[in-house]
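Working through the structure, step by step
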Amino acid sequence: MGVVAQSSERAGALMHIAEGVLSLPVLAGCAALSAGCLAMGVRRLDETRMPLAALLGAAFMVASTLHMPVGVGSVHLILNGLAGLLLGWAVFPLFFVALLLQAACSPLAALPYWVPIC
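Thresholds, definitions, all that
In every chain, residue numbers begin from 1 and rise along the written sequence. Predicted model: local features are reported for residues with pLDDT of at least 70 only, side-chain atom pairs are reported and counted for 80 or more only, and whole-chain, interface and lining totals are derived from all residues. Excluding hydrogens and water, the side-chain figures rest on all heavy atoms present in the structure. Per the convention used, a helix needs a DSSP run of H or I reaching at least four residues, while a strand needs a run of E reaching at least two, with both numbered from the N terminus. Exposure classes here rest on a 1.4 Å probe applied to the protein chains alone. A residue is buried below 20% of its type maximum, exposed above 50%, and partly exposed in between. The contact criterion used is simple: two residues touch if any of their non-hydrogen atoms lie within 4.5 Å. Values of pLDDT, the confidence the predictor places in each residue, fall between 0 and 100.

Time to look at the environment of Leu 94. Along the chain, the position of Leu 94 falls in helix 5 (residues 91-105). By relative accessible area, Leu 94 is classed as buried at 12%. Those residues within four positions of Leu 94 in sequence are excluded, and the remaining contacts are Ala 53, Leu 56, Gly 57, Ala 83 and Leu 87.

Listed below in structure tokens is the structure:
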């Protein structure tokens, strides 16, 4: 059973799900499944589809920064359906790299809610 994280304005603004909500077995299972999908995607990504993957990765980066208010929250485009249709399994390494770049470009988004900001 997971432990619910303490609420924080900063945590809610930066994460889709709060820390501590998912249990360790769920996290481990999802990590194993993600690693398997990533390995399958790397195997299926060939050089002829690399320019399309780069284009879709750039579109993903731009589209995910456009937030539209809906009710009390907001939504953003991620283009995973289009990328999945065009690339198949190769979409997994594409989004993996794009999410790593997003975390690197936005250092506050990668920090836990309890890390103090000066």
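Bringing the environment of Val 75 into the picture now. Following the sequence through the fold, Val 75 ends up in strand 2 (residues 73-76). Judged by its relative accessible area of 39%, Val 75 falls in the partly exposed class. A sequence separation of 11 residues divides Val 75 from Ser 64, and the C-alpha atoms of the two residues are 9.1 Å apart. In contact with Val 75, not counting residues within four places along its chain, are Leu 66, His 67, Met 68 and Val 70.

This part is about the confidence of the model for the chain. Taken over all residues, the pLDDT of the chain has a mean of 78, while the share at 70 or more is 76%. Helix 2 (residues 24-44) holds the highest mean pLDDT among the elements of the chain, 94, whereas helix 1 (residues 9-14) holds the lowest, 44. Ignoring residues within four places in sequence, the model shows residues 1-14, a span with pLDDT below 50, making 24 contacts including any to other chains.

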